[in-house]
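The residues making up each chain are set out below.
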Amino acid sequence: MTPAAEFATIDAVRDFNRFYTGFLGVLNKAYLDSPYTLTDVRVLFEVGFRGGVAASALTRDLHLDPAYLSRIVKRFREDGLIETTPDPSDARSQVIKVTEKGQRQFEEFVRRSRAQIAGYFERLAIGAPEQVVAAMRTIQDTLGADETTASPAIIRNHRIGDIGWIVQSQGRFYSEEYGWDQRFEGLVAEVAGKFLSNFNPQKDRCWIAERGGLNVGSAMIADGGNGIAKLRLLYVDKAARGLGLGKLLVDECIRFSRDASYEKLSLWTNDILDTARAIYIKAGFRLVAEEKHRMFGPELNGQTWELDL
C-alpha cells in the first residue's frame, strides 16, 4: 500500500470513529436519558449480565483504570444499585453484584438501548438494517479475531461473483504492493473472462480459499491445448498469509491437472514474487524461460515454469 493510500485508509477509520462515537452519544454526560455516562452504564450492563463479577475482572475486560472503576462502584453503591463483598480469590479486589433496584435499572437500560436501536433502524430502507448488522459483524470478526479464534480456511470451487472478486482483489493488491498499473488489472480481467467464456468443467477449474465467509485466495487451471494445463492467477490475501493456502491451492491445481489427463502444467510469473516461486520450486516445477518486460509499468523479469505430470 502506498503512503498516500495508507493515510487515506487511516483517515477513513478516524472519520468513522468520530461519526460512530457521536452517533452513540459516547461523549454525552447523560446516556440513555439517565444521570450516568456510557462508561457507567457499561459497567452496570456487565455486572447485570454476568450476575456478579470481580472488580479486577472488570478493570481487565473493560480496560478501566482501577481508581476510575472504584469511583463508579462507589456512586452505584450510594445509589443502591450494587452491593460488594470481598473477593475470596483476590484480597485486593471485591465481587460486585446488582441489588433488586440495580436489576430493575439494568433491565430499564436494556429496554432503552433496544428502543434506541429500533428507532434508528425504523428510518432505514428495507434490507438496510441487515446490511448494517452484516457490516458490524465483519468489523468485529476481522479486527477482533486472532489466530487461535479465527475460523479455519476452506478451499472450494468458484461460485457466481467470485471471478469478479479475483479481478478486483488482484488489481488492487499488485497496484498497492508493487506499483503495477491498470494494464495488469486488464490482463487479469482478460484471463478471467476467457476462463468463464471457455469453461469446461472436465478441463478447467477455479478454486477459492475462504475464511470466515470472506474470499482470501484463488487459483485457476485453464486448458492451454496440446495436453498442457495452465495455472493462472494464484493469489493469497495479506490477511491469510502464513496459513499455507498458497501451497494448498497449487496442490489442488496439480491434482486436478493429473486427474484431467494433462501431460504438463505450465505457469507464467515474475521473479519478484518470491513466495509463489518458492511454492512452485518445492512442487517440482522447473524454470524453462524468462525475459525482461514492462507490461505493467515497472521493469520486471517474467518467467515461465513447467511441471511434467
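The coordinates are above.
Residues numbered from 1 in each chain as written. Predicted model: local features only at pLDDT ≥ 70, side-chain atom pairs only at ≥ 80, totals over all residues. Heavy atoms only, no water.

(A) Seen up close, the overall build of the protein chain. The secondary structure content of the protein chain amounts to ten helices and ten strands. Since a compact globule built from 309 residues should have a radius of gyration of about 19 Å, the 28 Å found for the protein chain marks it as more spread out than a globular shape. Taking the principal axes of the C-alpha coordinates as reference, the protein chain spans close to 85 × 45 × 35 Å. Long-range contacts, defined as pairs at least 24 residues apart, comprise 59% of the intrachain contacts of the protein chain with a sequence gap of at least 6. (Helix = DSSP H or I, 4+ residues; strand = E, 2+ residues; numbered from the N terminus. Rg over C-alpha atoms; globule rule 2.2 N^0.38 Å. Contact = heavy atoms within 4.5 Å.)

(B) Spotlight on helix α5 (residues 100–122). Along its 23 residues, α5 runs 33 Å from first to last C-alpha, staying within 8% of the 33 Å computed at 1.5 Å per residue. By the burial criterion, the buried members of α5 are Gly102, Phe106, Phe109, Val110, Ser113 and Tyr120. (Expected span 1.5 Å × (residues − 1). Buried < 20%, exposed > 50% of the residue type's maximum accessible area, 1.4 Å probe, protein only.)

(C) Spotlight on helix α8 (residues 182–197). Under the 1.5 Å per step criterion, the end-to-end length of α8 is 22 Å for 16 residues, consistent within 8% with the ideal 22 Å. Taken residue by residue, α8 has Phe184, Val188, Val191, Ala192 and Phe195 as its buried positions. Projected down its long axis, α8 carries its buried residues within an arc of 95 degrees, all on one side. Turned more than 90 degrees off the buried face of α8, the exposed positions are Gln182 and Ser197. If you follow the buried residues of α8, they end up packed against α7 (162–178), β5 (205–211), β6 (214–223) and β7 (228–236). (Arc of directions from axis to C-beta.)

(D) Spotlight on the pattern of salt bridges. Counting across every chain of the model gives 23 salt bridges. With a closest N to O distance of 3.1 Å, Asp61 and Arg60 form a salt bridge. Under the relative-accessibility criterion, Asp61 is labelled partly exposed at 34%. The residue Arg112 makes a salt bridge to Glu108 at a minimum N-O spacing of 2.9 Å. Placement of the pair is Arg112 and Glu108 together in helix α5, with a separation of four residues, close to one helical turn. (Salt bridge = Lys/Arg side-chain N within 4 Å of Asp/Glu carboxyl O.)

(E) Expanded view of the environment of Asp274. One can find Asp274 in helix α10 (residues 274–283). Remark: the alpha-carbon pair of Asp274 and Ala57, spanning 217 residues in sequence, is separated by 46 Å. In this structure the side chain of Asp274 is engaged in a polar contact, spanning 3.3 Å, whose partner is the side chain of Arg277. (Polar contact = N/O pair within 3.5 Å; in protein donor to acceptor, adjacent residues only side chain to side chain.)

(F) Spotlight on the sheet that holds strand β10 (residues 300–308). If you trace the seven strands from one edge of the open sheet to the other, you get β4-β5-β6-β7-β8-β10-β9, paired in mixed fashion. Every other strand in the sheet has two partners, leaving β4 (153–157) and β9 (286–293) as the edge strands with one partner each. Within this sheet the neighbouring strands show an average axis-to-axis angle of 20 degrees, counted without direction. Pairing of β9 with β10, which is carried by seven bridges, proceeds in the antiparallel orientation. When the sheet's bridge partners are listed, Lys292 is paired in β10 with Asn301. Packing of α7 onto the sheet brings it into contact with β4, β5, β6 and β7, and relative to β6 it is tilted by some 105 degrees. (Pairing = 2+ DSSP bridges. Axes fitted to C-alpha atoms, helices over the stretch in contact; angles between N-to-C directions.)

(G) Expanded view of the environment of Gly52. As for its position among the elements, Gly52 is in the loop between α2 (38–50) and β1 (53–54). Here the alpha-carbon distance between Gly52 and Phe19, two residues 33 residues apart in the chain, equals 33 Å. Excluding residues that lie within four positions of it along the chain, Gly52 makes contacts with Val47, Ile96 and Lys97.

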